[in-house]
Amino acid sequence: MTSRKLLFTLSISTFALAACAPQKERVASAAAPAPDWAFEKSDVPVDPGYRFGRLANGMSYVIRQNATPKGTALVRMQVDAGSLDESDAERGYAHYVEHMAFNGSTNVPEGEMVKLLERHGLAFGADTNASTGFERTTYMLDLPRNDTELLDIALMLMRETASELTFSPSAVDRERGVVQAEMRDRNTYALRNVEDQLNFALPGSKVAQRLPIGTPESLAGATAEGLKAFWRREYVPDHTTLYVIGDFDAALVEQKIKDRFGSWQKAPAEPRPLAGPIAIDDKDKADIYIDPALSERVSISRKGPWLDEPDTLAQREENLLRQIGYAIINRRLLSRTREANAPFRNASFGTSDVFKEARSTELGIDTVDGKWRRGMIEAVVEYRRAMAFGFTADEVAEQVAIIRTANANAAKGEATRSHAQLLGAAQALVVDEKVPDTPTNSLNRLEAFVPKITPEAVQAALAREVVPLESPLLRFQGRTPPADGEKGLKSAWSEAMAAQVRPLERKAAGSFGYTDFGVAGQVVSDAVEPRLGIRTIRFANGVRLNLKRTDLKQDQVLVQVSVDGGDMLATRDQPLATRMMSVLALGGLGKHSKDELDTMLAGRTVAANYSSTDETFVLLTGTTPRDLELQLQLAAAQVVDPGYRKEGEVLFLQSINNLFASLRATPGSALSADMGAILSDRDPRFSLGKVEDYRQLNFEKLRGAITDRLRNGAIEIGVVGDIDEAATVAMVARTFGALPPREPDFRSYADRRDRPFTAERKRHVLRHTGTKDQALASFVWLTRDGEDLDAALQLQMLERVMRIEITDTLREKLGKAYSPGASSSTSRTWRGFGTFSISASVDVKELPATRAAILETVAAMRDAPVSEDELLRAREPVLESLENALKANSGWMTFVDRAQTEPDRIDRYLRSRELLKAITPAQIQALARTYLTADGAVEFNVLPEGVDDPVTPPAKP
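Remember, it's a predicted structure, so these values are computed and weren't measured experimentally.

A. The pattern of salt bridges, seen in detail. In total, this model carries 85 salt bridges according to the counting rule given. In this structure, Glu 433 engages Lys 41 in a salt bridge whose closest nitrogen and oxygen atoms are separated by 3.8 Å. Taken as a pair, Glu 433 in the loop between helix H13 (419-432) and helix H14 (439-449) and Lys 41 in the loop between helix H1 (14-17) and strand S1 (50-54) lie far apart in primary sequence, 392 residues in all. Taking the relative accessible area as the measure of exposure, Lys 41 reaches 48% and is therefore partly exposed. Among the ionic pairs, Asp 564 bridges to Arg 709, the shortest N-O distance being 2.7 Å. One end of the pair, Asp 564, is in strand S15 (residues 557-564); the other, Arg 709, is in helix H22 (residues 699-712), and 145 residues separate them in sequence. Judged by its relative accessible area of 1%, Asp 564 falls in the buried class. A cluster of three or more residues bridged by salt bridges with shared partners is formed by Glu 112, Lys 115, Glu 118, Arg 119, Asp 869 and Arg 873.

B. Expanded view of the nonpolar core. If you look at the biggest cluster of nonpolar residues, it comprises 76 residues, and the most contacted ones within it are Val 561, Tyr 610 and Phe 736. In terms of residues, this core owes the most to one element, helix H18 (residues 628-640), which gives eight residues. In this structure Tyr 610 touches Val 561, Val 563, Met 581, Ser 582, Phe 617, Val 618, Leu 619, Ala 635, Gln 638, Val 639 and Phe 736, once residues within four positions along its chain are discounted. Membership of the second largest hydrophobic core comes to 56 residues, among which are Val 79, Leu 151, Leu 165 and Trp 264.

C. Region of the structure containing helix H6 (residues 189-201). Over its 13 residues, H6 runs 18 Å from end to end, which matches the ideal 18 Å to within 8%, given 1.5 Å per residue. Among the residues of H6, those classed as buried are Leu 191, Asn 193, Val 194, Asp 196, Gln 197, Leu 198, Phe 200 and Ala 201.

D. Inspection of the side chain of Glu 98 at higher detail. You can see Glu 98 is positioned in helix H2 (residues 93-100). We classify Glu 98 as buried; its relative accessible area is 8%. Once you skip the residues sitting within four places of it in the chain, Glu 98 turns out to touch Ala 130, Ser 131, Thr 132, Thr 137 and Tyr 139.

E. Representation of the confidence of the model for the protein chain. Confidence in the prediction for the protein chain averages 94 pLDDT; 96% of positions are at 70 or higher. Contacts for the low-pLDDT stretch residues 1-32, under 50 throughout, to residues beyond four places or in other chains number 106 contacts.

F. Broad picture of the packing of helix H11 (residues 372-389) against helix H16 (residues 485-498). Orientation of H11 relative to H16, taken along the N-to-C sense of each, is 40°, at an axis distance of 9 Å. For the crossing formed where H11 meets H16, the hand is right-handed. For the pair formed by H11 and H16, the contact residues are Trp 372, Arg 373, Met 376, Ile 377, Val 380, Val 381 and Arg 384 on the first element and Gly 488, Leu 489, Ser 491, Ala 492, Trp 493, Glu 495, Ala 496, Met 497 and Ala 498 on the second. Each residue belonging to the contact of H11 with H16 can be placed in one class, and the counts come to eleven nonpolar, two polar and three charged.

G. Broad picture of the sheet that holds strand S17 (residues 616-623). Across the sheet, seven strands lie side by side as S12-S13-S14-S18-S15-S17-S16; this open sheet has mixed pairing. Looking at the sheet topology across the chains shown, the edges are occupied by strand S12 (523-528) and strand S16 (611-612). Bridge analysis of S12 against strand S13 (residues 535-539) gives five bridges, and the strand direction is antiparallel. From the neighbouring strand, Val 528 faces S13, where its bridge partner is Arg 535.

H. Expanded view of the environment of Gly 513. On the secondary structure map, Gly 513 appears in the loop between H16 and S12. Under the relative-accessibility criterion, Gly 513 is labelled partly exposed at 27%. Distance from Gly 513 to Ala 637, taken between C-alpha atoms, is 9.2 Å for residues 124 residues apart in sequence. Setting aside chain neighbours within four positions, we find Gly 513 in contact with Lys 591 and His 592.

I. Layout of the pairing of strand S9 (residues 346-354). Counting buried positions along S9 yields eight of nine residues, so the element is predominantly enclosed. Pairing geometry for S9 and strand S10 (residues 358-367), over nine bridges, is antiparallel. Bridge pairing links Ser 348 to Gly 364 in S10. Between S9 and S10, which pair antiparallel in sequence order, lie three residues; one of them, Phe 355, sits at a positive phi of approximately 50°.

Parameters at a glance
- Residues numbered from 1 in each chain as written.
- Predicted model: local features only at pLDDT ≥ 70, side-chain atom pairs only at ≥ 80, totals over all residues.
- Heavy atoms only, no water.
- Salt bridge = Lys/Arg side-chain N within 4 Å of Asp/Glu carboxyl O.
- Helix = DSSP H or I, 4+ residues; strand = E, 2+ residues; numbered from the N terminus.
- Buried < 20%, exposed > 50% of the residue type's maximum accessible area, 1.4 Å probe, protein only.
- Core = buried A, V, L, I, M, F, W, Y, C linked by side-chain atoms within 4.5 Å.
- Contact = heavy atoms within 4.5 Å.
- Expected span 1.5 Å × (residues − 1).
- pLDDT = per-residue confidence, 0-100.
- Axes fitted to C-alpha atoms, helices over the stretch in contact; angles between N-to-C directions.
- Left-handed = near helix turned anticlockwise from the far one by under 90°.
- Nonpolar A, V, L, I, M, F, W, Y, C, P; charged D, E, K, R; others polar.
- Pairing = 2+ DSSP bridges.

Set out below in structure tokens:
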């Protein structure tokens, strides 16, 4: 964890996540007006590509013309109004107001905002969204095109939200159910754990009582008048910043902002509220929080005064030294997790701001259940070792190499920074008062400062910020209380502080041992695919290579390696054969452990994490032109000489234990646990299985399952981005091309492509261990595979239309569900297999009505065609996504990776647009009649343990 970054190391739900980020607000001085922007009082040179402004009414704006991705833009409106601004009677109002922004304004009738955006290609949720935290609410629109009409619509909707919401009582009442449903869905063991953390770490503080979702009482009592009063008070120009980052002329955008927002009337802006009081001197306390779903963790912390450190060049040097110090300590802790008998699963150390009122230093230790004491003691010893003896020159050099590379990569890619990167820097200016500088400037300053980065300087800087962990706050979370309770925690702390501490002994890194794979392979075929211009090459040993040079992202290269096998190796007899592929890289290589690799490759942009997909083992990673050959060497080494070391195996088994321990803690996880087995008639390939079966897995079994494919299976490589094609071909020739001959083609696995779907169409009641009001309804129909493109696209449109219908019914009309959904999956792996599903999380007592509403909605789709407008709203976002697919290297990789062995992907892409446009409402209706039959669904209802089934309640005696 780097310095001054997180409020707390919390596992927190989405609506409160923003609260855990740095929260540095602009606070007006009583003596003199504060500067409009942080760069006006800083010696850090601001990136000249931004345009900053403030209207006469006090509203701020940040504009940046940018063409990555080309022809698109991001629009954000940030209002400094969050849950801390609420009174006791208004808890949850900031979040409730966010919901009301989509429910009617002066110029946009209720229910029309989302429809308007869908007609212009913005999908609700993906491109249209909002979030509320402790200190601010942010409205987000991702524009798929840079036409001025769409920009005008986006700015109009932001202005409507800022000053024109209507808050009709009927709309407020309808939305109440949605907000209450969101509260219900988010009420999980993780959130309750967060609440306990806040109350222990910040007792009596406002923030501990102000989770943005509110309380049941405040939401039930919220009125249109009360919400409107909060909105009028907090949604004022001085609290508002508008961001437009994208492919628009900046002067044009600025004028449109002035025209649209200039008439917004200035209003009084209340001062920013405090999050405290924060008990800085709080010490020598313990807390134990137990939940069957929680993995074991010990947190050790102390608070100190907030350090007011404005963003200056000198402060950035200080922060860099601290960053290196924290990184070294965390690197040491990471090394301990890779021991064969590791004392803990994970551990982290860092110091963070508690808003602008305090700072907190924390050491967190995640352990295997029941092993907390050893883990805690050994992590504390590492903390004490660092603070007492400092760091070695090699450790500092490793971190400097990593930071240097990150800065160099950013500088080389400066001209093609993404909208998201530039938006993040702009928001950091407003929220954190961190001046956005150019990557080139940052790199130049770093290089000048490197000679001053010594172990002594790092240790001194760290000591200036760390709050010593003396008489700390000790918190335990887990499934089983620690032995001797709070007394046991304090006893372990005393033992850790009394343990002898010696300076670190560390071995030299060594050099990478996989640079020679034999004689470079010969190219036997070299052609260019005519439709997308992908270059296709084959080497004499059978390895295929596909290349696409782009200028979409400077200094970025994407590499994908596909090796025949994947989950096709998982059979009914050995269904877990490939489950450990996800941790193969943690076992290192034959010549190097993972820990040794991290040290010797520090400062290089490479990775070799293969995963198992339906038919292949796949590595997909990003690198740079400078590190491309090393990336290929590492990827090839992972294929020819996996290390299979014990530490990777141990980490896998620890994660499995936690997975199964929390398997039924929520309705969604309980459904995931059982659905596969039920739908497949208990076919073990598609069933989760038992934890005991996973505990029997090891690297020797994985080795036996995958060695033949790694040695002999067909390989196809895709390389996309800022490449020299001739140099890339030569690099692949020296690595994968130099391997012994391989099978020329990917195997068909024709005898393994069956996937059963149960013939038993009935209702299944599953149980979860979460709160007693949470239920989930899900319906699954069998459809077809995806080989016929036209049919697959029609099912995709059915899904999109159904998503609109089910959201309109369950969320907007009935207010019973927060995020109901529909999905269509048309497999190209399993013959004849595809599914269509509808699901909704609801209150237990609403389950019968929800089931009825879903079935009625499906019946209506069968009985009559949808409107042309609804089909338009479903189709336009898909068409826009197709239009923008090749504006990023990742989109190109979708077609480059298997351009030789699966060339039909290109044909399907090129045909999709016209096929989508040709789909009619009658075809959608026909699909619903064919597949979504009244008696064709397998139904799942997930209910809390110990709660009667409201659909078929027990008979009365």
